[in-house]
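Spelled out, the chains give:
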Amino acid sequence: MSTTESIPANLTRIIADAIEKAGGWMGFDTFMALALYAPGWGYYANGSTKFGQMPQGLVGEAGVEGAGSDFVTAPEISPLFGQALSRQVAQVLEATGTDELWEFGAGTGALALQLLDALGDRVRSYTIVDLSDSLKARQRERLAGHAGKVQWASALPAQMRGVVVGNEVLDAMPVQLLARVAGVWYERGVALAQGQLVWADKPSNLRPPVEIEGEHDYLTEIHPQGEAFVRTLADHLQAGAAFLLDYGFPESEYYHVQRSGGTVMCHRAHRADADPLSDVGLKDITAHVNFTGVAVAAQDAGLDVLGYTNQAHFLMNCGLVEAMQSQPLQARVAAQKLLMEHEMGELFKVVALGRGVDVPLLGFARGDRTHRL
């Protein structure tokens, strides 16, 4: 297993070699892919603890010390998240006559366990697609009680029928950085200076999908890999729906004239910073999702956009508030974080994409924002 002390040095060496082979400059998307997924050393490929309620050393209300995690996702905050989502999943499974679930980037397996427990016999097969061997091991342990239904895959079959779930998957897909400096557009990448990773720009014909007004310096991202992922889903999904939950904005907000610093962020020990070139391999690197780009890619590939709203509306439509009433106080407080505007309720969005789904979806019954994409 990789040791914390050796991860940055070894991963930086791998990245430096790749930069030299590429002629001295590497696009940020390539850097991000290596920083997160380089075998053995990338953030999601090494054995460090990533998910959990608390960082190392902090003690929670139950007297349990943090295990050194970097961030917490909705399924770890409250099991009611998966239980609410299961109601939406059940509706689509029934409407399409299917019994298969697919989850991309299953993390600790918390969401898979919640969905499998809630859905019972309505699910015959649950397939996880995950690039991290260390996380797969945690998933196998956590899902041992459902071993007869769960399998892991590294590629999609020619045809898929059922429901696809991706919670905080799109934000971890590598993005390209575009920088307007003194009125000129560049692609921002990574180079070497005295053995250190540094930013480096080169002129580019790439542009954001909308015109950015003004002449002020402006940094942003485009998401070709995330949009390619959606097109791949469209190629394989014969009947069913994909539910993608993540933090982000529609295009008009994503490329707002005042959002001039971009959205790339790093997460370590429940703290955020904006320097992905430091401590590589020891922290997550993410970018917010342009949900308009996701929806357009889906439609261009033949999928229907079945709904788009914020996480709060989606979970309330799926019965989360009613489920909270029977819970003890501590569990209700935890679940409220999923709904509150200043926590996850507004920043996180849900988009549903599908084929052959002819019923109005439960999760978008109130508060649907598809018209704002």
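Computed from a predicted model, the values in this text were never measured in an experiment.

Draft legend 1. Representation of the packing of aromatic side chains. Tallying each qualifying case throughout the model produces eleven aromatic pairs. Note on Phe314 and Phe364: the rings are 5.4 Å apart at their centroids and 55 degrees apart in plane angle, and the pair reads as tilted. Taken together, the residues span a long stretch of sequence, with Phe314 in helix H10 (residues 311–317) and Phe364 in the segment after strand E16 (348–355) at a distance of 50 residues. Neither Phe314 nor Phe364 differs from the other in exposure class; each is buried. Sitting over the ring of Trp152, Arg140 keeps its end group 4.5 Å from the ring centre.

Draft legend 2. A look at the pattern of salt bridges. Under the definition given, this model contains eight salt bridges. A salt bridge links Arg124 to Asp99, with the nearest nitrogen and oxygen atoms 3.3 Å apart. With a gap of 25 residues between them, Arg124 in the loop between helix H5 (110–119) and strand E3 (125–129) and Asp99 in the loop between helix H4 (80–96) and strand E2 (100–104) connect regions that are remote in the sequence. Accessibility expressed as a relative area gives 28% for Asp99, which makes it partly exposed. With its nearest N and O atoms 3.5 Å apart, the salt bridge here joins Asp279 to Arg268. A residue pair is termed long-range when its members are at least 10 positions apart, and Asp279 in the loop between strand E12 (271–273) and strand E13 (284–286) and Arg268 in strand E11 (residues 265–268) qualify at eleven residues. Owing to a relative accessible area of 32%, Arg268 belongs among the partly exposed residues under this scheme.

Draft legend 3. Broad picture of the sheet that holds E13. Strand order in this open sheet of three strands is E12-E11-E13, and the pairing throughout is antiparallel. The two strands at the open ends of the sheet, each matched to only one other strand, are E12 and E13. Taken over all neighbouring pairs, the strand axes of this sheet differ in orientation by 30 degrees on average, direction set aside. Bridge analysis of E11 against E13 gives three bridges, and the strand direction is antiparallel. When the bridges of E13 are listed, Met265 appears paired with Thr286.

Draft legend 4. Just the nonpolar core, in detail. One finds Val89, Leu101, Leu115 and Phe243 to be the most contacted residues of the largest nonpolar core, which totals 47 residues. A per-element tally of this core places H4 first, with eight residues. Apart from the residues within four sequence positions on either side, Leu101 is in contact with Val89, Leu93, Leu115, Leu119, Val123, Ser125, Tyr126, Thr127 and Val163.

Draft legend 5. Structural context of the pairing of strand E10 (residues 237–249). Burial analysis of E10 places twelve of its 13 residues in the buried class, the great majority of the element. Inspection of the sheet shows strand E5 (residues 160–167) paired to E10 by eight bridges, in the parallel sense. In the sheet register, Arg161 faces E10, and the bridge partner there is Ala239. Direction of pairing for E10 relative to E16: antiparallel, over a ladder of eight bridges. For Ala242, the partnering residue across the bridge sits in E16 and is Leu353.

Draft legend 6. Expanded view of the confidence of the model for the protein. In the predicted model, the protein carries a mean pLDDT of 93, and 93% of its residues have values of at least 70. Note on residues 56–66: pLDDT is under 50 here. Beyond four places in sequence and across chains, it has 19 contacts.

Draft legend 7. Spotlight on empty space enclosed by the protein. This structure, assessed with the given rule, holds one cavity of 30 Å³ or more. There is about 80 Å³ of room inside the largest cavity. Forming the boundary of the largest cavity are Leu170, Met173, Pro174, Val175, His223, Gly226, Glu227, His288, Val289, Asn290, Gly293 and Val294. For the lining of the largest cavity, the elements supplying multiple residues, two or more each, are helix H7 (224–236), strand E14 (289–290) and helix H9 (291–300). Of the residues belonging to the lining of the largest cavity, the class tally is six nonpolar, five polar and one charged.

Each value, and the rule that gives it
Residues numbered from 1 in each chain as written. Predicted model: local features only at pLDDT ≥ 70, side-chain atom pairs only at ≥ 80, totals over all residues. Heavy atoms only, no water. Phe/Tyr/Trp six-rings, centres within 6.5 Å; stacked < 30°, edge-to-face > 60°. Helix = DSSP H or I, 4+ residues; strand = E, 2+ residues; numbered from the N terminus. Buried < 20%, exposed > 50% of the residue type's maximum accessible area, 1.4 Å probe, protein only. Lys NZ or Arg CZ within 6 Å of the ring centre and 35° of its normal. Salt bridge = Lys/Arg side-chain N within 4 Å of Asp/Glu carboxyl O. Pairing = 2+ DSSP bridges. Axes fitted to C-alpha atoms, helices over the stretch in contact; angles between N-to-C directions. Core = buried A, V, L, I, M, F, W, Y, C linked by side-chain atoms within 4.5 Å. Contact = heavy atoms within 4.5 Å. pLDDT = per-residue confidence, 0-100. 1 Å grid on protein atoms, 1.4 Å probe; cavity = no way out; pocket = protein on both sides within 12 Å on 5 of 7 lines; lining within 4 Å. Points joined across faces, edges and corners; volume = space filled by probe spheres on them. Nonpolar A, V, L, I, M, F, W, Y, C, P; charged D, E, K, R; others polar.

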